[in-house]
Amino acid sequence: MDTQVIGHRTPRVDGEFKLTGRADYTVDWQAQNMLYGYPVPASIAHGTLEKLHLDTARAMPGVVDIFHHGHFPKLYRSPNSPTHQDQVSEVRLPFEDERIHYDGQYIALVVAESFEQARAAAHAVHADYRRESGAIASLLDTDREGRLLASEGASRGDPEKAFDEAPVKIDHTYHIAAESHMQMEVHATLAEWRDERLIVHESSQGVVYQHKAMARIFGLPDESVEVVSHYIGSGFGNKLFMWPHAVATAGAAQMLGRPVKTILSRQQDMESGGNRPASRQRLRLAADPDGRLVSMRHDSTTETSFVHRYVDSLGSATPSLYACDNVAISQRLLEVHHGTPCPMRAPGETSGIHALETALDELAVELEMDPLELRRRNYADQDPASELPWSSKHLDDCYTSAAKRFGWERRDPAPGAMRDGDEIIGWGMATASWPALRMPCAARVELRDDGSVMAACGTQDIGTGTYTIVAQTVAELSGVPLKDIEVRLGESTLPAGPLSGGSMVTATALPAVAAALRNAFDALKEVATGEGGAFEGSDPESLEIEGGALKDDQGKRVSFGEMLTQQKLGSVNGEGQAAPGDEKGQYSFRSFGAHFVEVRWDPGISRLRVARVVSSIDIGRAINPSAARNQVEGSIVMGIGMALTEKLDYDPRDARLINNNYADYIVPCHADMPEIGVELLDNPDYAFNEFGARGVGEIGLTGIAAAIGNAVYHATGKRIRDLPITLEKVMDT
Amino acid sequence: MRNFAFSSAENVDQAVSSERGNAGEASYIAGGTTLIDLVKLDVMRPVQVIDLNRLPLREVERLDDGRLRIGALVSNTDLAHHPLVTQHYPLLSQALLAGASTQLRNMASTGGNVMQRTRCPYFRDVAAACNKRAPGSGCDALEGVNRMHALLGTSEHCIATHPSDMCVAMTALGATLTLEGPNGTREIAFGDFHRLPMDRPDLEHELEPDELITHVTLDTPVVGGGSHYLKLRDRASYEFALASAAAMVAVEDGVIREARLALGGVATKPWRAVEAEQALAGKPARTESFEKAAEIALSDAVPREHNAFKVPLARQAIVRALEKASAASKHH
């Protein structure tokens, strides 16, 4: 497809709003007569709330009410069904009973006239608990195995026999600490009841989902709810489904008859607003002497909470990544006493690919083979799991291009052999991969008499650039310039769009917008060829769209706006739907890439830093290469944190979170930024959708931690199998 | 945040004579980088807050005797970039710039940084046991998550690390604090100002409740001394030290004439390693001498479950900092 706008670097259409403060984030919203909510978190992780002491708090200035068990509307649980799009992050309702399942669980919500008054009163609430022993702080602190999940297993061939008979094998166990999303914008809700309708402003990655969950929980018909999320300061997955603060806030607003806004503190956000679960993974790989994989077994355990059954699917990529006849994956799930985990950027596969790609590096060492060569020898030309051909796979090009740009051929394989002054240089690599997902979607487009176009979809822009790619799509197909295109997202009453998750919005929403736009064109052509129209009597099929105008084969050209104005019409509309079709049974859809990493290790002062990352990623067509590259770069930064510093520290004695803030939970800062060179291959995947795009928000995070860990091994000769690789694990003591 | 009374002092006399309630209920505020944070967490609960920002304490001046007098309100940023500091006390400049972030350094004051509170997570959590925050309640850090905690100067009541980088450099350089109170002015050596936790970790320093730090005066620079501040930490910036070393070495003909060494990130107060300094004097400026000094400096270290690695890490910080300082000495 020869394109004018799509595939070209495009500045964000909402950039001006963000720079000038006009972008209306949830916390910016004010309602008349509004109150502020502030949750009171439990300070134990396992036990029962015996008594709340509220008298002091109630008497404090500005306090209107304090909600808690026994003083809160009676609500319903949400069915929590993916099919019916009413999923929630915590199934249990706030204040449902007096059981405490995790540190930070809300035991009350203080509502006051100001935020500061609500917070001060929340601090003045005291609770008596009956503590119970045996709180499980983390999978990392226990030998418990959890229960085996039948839903997550897969196997082919006879991996046990093949392993036993193979000449070269490795068998290692890897741990990854729980991580926090650390999205810049904390969770927040403004709930308002107007004429029995519930209007909610929420920082949400799924306005349609939250809409349906709210309707179920409050027993309302769907049309009596509206969820708005125009701008989101990111979420990385922890805003996909609704959290208890939103339910508590809406319940309080209902009881008080006044709007209530609740903004979580960073501490609350980290304790009870989602996390990537810790994991333990055993990898058993075996190869023949030439490095061909003959057996792969990947057995995982992850955490969930006592308030949800969330499962991070760790092994889901493993059967598809390499050609191997004998494969088995299994997964166990262990309940722990902390706030429930939820999807976090490339959930499951980020953890699973880390273990697999580290294990492959270990196998390469056993084979005395270059780790890149090992991956090439096991290249999967079709999807070995589904046995379907790939819709479009160019991983070999990623390997070749990234290796060349990195200078991989100059690598001395001996650990510690490459030095620069006080520093030892380590080079490592890993494969990246993420499935290409697509869901059904609806959209609406309006062509207006002033020549502008409005496109609307009930998905949302979580900061990744969805507004811009929707505008690009309209501009591409209509010829209307970007400045005359208005994009409306983030309202649950718009035609239903997808969650901003799974890297699926691009492939899901753009075909629906295109369908709606084409239907709007048809409506316009009907007007144009009808009575009094500029092309009266012409065959609508003969008219073409060009530069924001209709054109016939005689060279006559009338702009959209002119046409509508002539007919005294304000606008014409098009509704459109799009969904994946038969292609799902014909191809396997997945994106691939390769990361190459240089670390610097100064053994004299135990300083480990990532110095350089070179990545080549194939995501099909990048609709907006600027934003797409930015997604991969951001993922790499996140991966550096995962590899080296990030860990939610739960006190093993009582499962309370110790590092619940930006200072003590260590994400990379600017000074940690390496030189990052991201290349996006441009191979449109038209088998997947008409725009050839597979999505880009998550793939960059997969494999990066393994590439770093493999580079650490190359520098130090030490294989650190537990993330994060903090300096005490590497230093010589 | 609880309500508190707020007033601005127009001069030092007014600041120290302001009517106030019980000890601990009144707080001075300069940059507020510690106070506001801890008030929001309900850890500090001042009833009265006295703003110091109108006081004329923003000068950095060289005294006739060669010492450098720093007003308590000089920001960390201004101090780090002040020509007299970068020229004569580069160690202090390096230490300041190793601390916090640009935004915090723009706000943080010299006096306030001397008074900086610990980052111990149990101190910051009102539901945890902490003898520093709630005397007699115990110490959850002793057997808890104590990777960031101190090795030196600890007690069975507190192992909280003193967080400042600036103070580590100042204790190495030698300095005097000027304190103003209702009964007049007094001076105290920098090294005597911070207390060890012992059995009263809530008593962190020698400042009386109605006293104010007005100046920090640095000793005259060591002639010919090279210096280096090395901070080892999990990330490259905006992060507390796992171990830091402030080193100053004056070398003549390959022999150490004078050495100064102070440690951060590993002690309950800014830690001057006096015995290590004495051991260095007269020794050859070589790695073996520095390694010996590191051994001496850490000989009293009491590691805990998660922070044992800080012993070798601090050793590395000391040796590398001394090497760099020695190499920077004018007559090596």
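Bear in mind that the values here come from a model prediction, so they are computed numbers and not experimental data.

Draft legend 1. Layout of the overall build of chain A. Looking only at helices and strands, chain A has 18 helices and 29 strands in total. Relative to a compact globule of 733 residues, whose C-alpha radius of gyration would be 27 Å, chain A shows 27 Å and is just as compact. The C-alpha extent of chain A, read off along each of the three principal axes, is 85 × 75 × 50 Å. For chain A, the residues scored as buried account for 65% of the 733 residues in total. Look at the contacts in chain A between residues 6 or more apart in sequence, and 80% of them connect residues 24 or more apart. For chain A, the accessible surface area stands at approximately 25700 Å², while carbon and sulfur atoms represent 47% of it. Positive and negative charge centroids in chain A, built from 71 and 104 side chains respectively, lie 3 Å apart.

Draft legend 2. Structural detail: the pairing of strand β10 (residues 188-194) of chain A. Residues and elements named next belong to chain A. Within β10, 5 of the 7 residues are buried, which leaves the element mostly enclosed by the surrounding structure. Direction of pairing for β10 relative to strand β11 (residues 197-202): antiparallel, over a ladder of 6 bridges. Across the sheet, the residue bridging to Thr189 is Glu202, located in β11. Connecting β10 to the antiparallel partner β11 that follows it, the hairpin turn spans 2 residues, and Asp195 within it adopts a positive phi of roughly 50°.

Draft legend 3. Representation of the packing of helix α5 (residues 90-98) of chain B against helix α8 (residues 166-173) of chain B within the structure. Residue and element names in this part refer to chain B. Two elements in contact, α5 and α8, have axes whose closest approach is 8 Å; the angle formed by their N-to-C orientations is 165°. In terms of their interaxial angle, α5 and α8 are classed as roughly antiparallel. Handedness of the crossing formed by α5 with α8: right-handed. Contacts from Leu91, Leu92, Ala95 and Leu96 of α5 reach α8 at Met166, Ala169, Met170, Ala172 and Leu173. Residues belonging to the contact of α5 with α8 are distributed by class as follows: 9 nonpolar, no polar and no charged.

Draft legend 4. A negative patch on the surface, seen in detail. Taken together, the side chains of Asp522(A), Glu526(A), Asp539(A) and Glu541(A) make up a negatively charged region of the molecular surface. With respect to the helices and strands, the residue Asp539(A) is situated in the loop between α13 (505-529) and β22 (544-546).

Draft legend 5. Expanded view of the domain arrangement of chain B. Taken domain by domain, chain B comprises domain 1 (5-51) and domain 2 (225-328). One C-alpha centre belongs to domain 1 of chain B, the other to domain 2 of chain B, and the line joining them spans 36 Å.

Draft legend 6. Spotlight on the nonpolar core. Membership of the largest hydrophobic core comes to 79 residues, with the highest contact counts inside it found for Val597(A), Val599(A), Ile708(A), Leu261(B), Leu263(B) and Ile318(B). Looking at this core element by element, the count peaks at 9 residues for helix α12 (residues 310-328) of chain B. With sequence-adjacent residues up to four places away left out, Val599(A) is seen in contact with Ile424(A), Ile425(A), Gly426(A), Leu608(A), Arg609(A), Val610(A), Ala611(A), Ile708(A), Ala711(A), Val712(A) and Ala715(A). Val470(A), Val572(A), Ala578(A) and Ala693(A) belong to the second-largest nonpolar core, a separate cluster that totals 47 residues.

Draft legend 7. Quick look at the packing of aromatic side chains. Residue and element names in this part refer to chain A. Following the criterion strictly, the structure yields 15 aromatic pairs over all chains and no others. Seen in terms of ring centroids, Phe72 and Phe95 are 5.1 Å apart; in terms of plane orientation they differ by 80°. Their pairing is edge-to-face. One end of the pair, Phe72, is in the loop between β3 (63-68) and β4 (99-100); the other, Phe95, is in the loop between β3 and β4, and 23 residues separate them in sequence. In terms of burial, Phe72 and Phe95 fall into one category: buried. With centroids separated by 6.2 Å and ring planes inclined at 50°, the aromatic side chains of Phe406 and Trp408 adopt a geometry described as tilted. Exposure class is identical for Phe406 and Trp408. Each is buried. Members of the aromatic cluster, each reached through a chain of ring pairs, are Phe406, Trp408, Trp427 and Phe596. When the ring centre of Phe163 is taken as origin, the NZ or CZ atom of Arg297, which lies over that ring, is 4.9 Å away.

Draft legend 8. View of the pairing of strand β21 (residues 485-488) of chain A. Taking every second residue as pointing to the same face, the buried face of β21(A) carries Ile485(A) and Val487(A), while none of Glu486(A) and Arg488(A) on the other face is buried. Regarding the hand of the β-α-β motif, the stretch spanning strand β20 (residues 453-456) of chain A, helix α12 (residues 466-478) of chain A and β21(A) is right-handed.

Draft legend 9. Representation of the interface of chain B and chain A within the structure. Counting from both sides, the interface comprises 34 residues of chain B and, opposite them, 37 residues of chain A. Summing the contributions of chain B and of chain A, the shared interface buries around 3000 Å²; its carbon and sulfur component is 52%. Counting across the chain B and chain A interface gives 5 salt bridges. The partner of Arg320(B) in a salt bridge is Asp602(A), and the shortest N-O contact between them spans 2.8 Å. At the junction of chain B with chain A, the criterion picks out 17 residue pairs in polar contact (both at pLDDT 80 or more). Looking at the side of chain B that touches chain A, the elements with two or more residues in it are β9 (226-232) and α12 of chain B. For the side of chain B that touches chain A, the leading source of residues is α12(B), giving 4 residues. Grouping the constituent residues of the side of chain B that touches chain A by class yields 15 nonpolar, 4 polar and 15 charged.

Draft legend 10. The arrangement of unusual backbone geometry in detail. Residues and elements named next belong to chain A. Note the cis peptide between Leu723 and Pro724, where omega equals 0°. As for its placement among the helices and strands, Pro724 is situated in the loop between β29 (722-723) and α18 (727-730). Of note, the phi angle at Lys568 is positive, near 55°, even though the residue is not glycine. Mapped onto the secondary structure, Lys568 falls in the loop between α14 (560-566) and β25 (571-578). Judged by its relative accessible area of 77%, Lys568 is exposed. Positive phi outside glycine occurs at Ser606, with the angle close to 50°. Note that Ser606 resides in the loop between β26 (590-602) and β27 (607-618). Residue classification places Ser606 among the buried positions, given a relative accessible area of 1%.

What counts and what doesn't
- Residues numbered from 1 in each chain as written.
- Chains lettered and ligands numbered in written order.
- Predicted model: local features only at pLDDT ≥ 70, side-chain atom pairs only at ≥ 80, totals over all residues.
- Heavy atoms only, no water.
- Helix = DSSP H or I, 4+ residues; strand = E, 2+ residues; numbered from the N terminus.
- Rg over C-alpha atoms; globule rule 2.2 N^0.38 Å.
- Buried < 20%, exposed > 50% of the residue type's maximum accessible area, 1.4 Å probe, protein only.
- Contact = heavy atoms within 4.5 Å.
- Areas by Shrake-Rupley, 256 points an atom, 1.4 Å probe, with all protein chains shown as cover.
- Lys, Arg positive; Asp, Glu negative; His and termini not counted.
- Charge placed at Lys NZ, Arg CZ, Asp CG, Glu CD.
- Pairing = 2+ DSSP bridges.
- Axes fitted to C-alpha atoms, helices over the stretch in contact; angles between N-to-C directions.
- Parallel < 35°, antiparallel > 145°, perpendicular 65-115°, else oblique.
- Left-handed = near helix turned anticlockwise from the far one by under 90°.
- Nonpolar A, V, L, I, M, F, W, Y, C, P; charged D, E, K, R; others polar.
- Patch = residues over 30% accessible without salt bridge, like charges linked within 9 Å, V, L, I, M, F, W, Y side chains within 5 Å.
- Salt bridge = Lys/Arg side-chain N within 4 Å of Asp/Glu carboxyl O.
- Domains from an automatic or database assignment.
- Core = buried A, V, L, I, M, F, W, Y, C linked by side-chain atoms within 4.5 Å.
- Phe/Tyr/Trp six-rings, centres within 6.5 Å; stacked < 30°, edge-to-face > 60°.
- Lys NZ or Arg CZ within 6 Å of the ring centre and 35° of its normal.
- Right-handed = clockwise from strand over helix to strand, strands pointing away.
- Buried area = accessible area lost by both parts, 1.4 Å probe.
- Polar contact = N/O pair within 3.5 Å; in protein donor to acceptor, adjacent residues only side chain to side chain.

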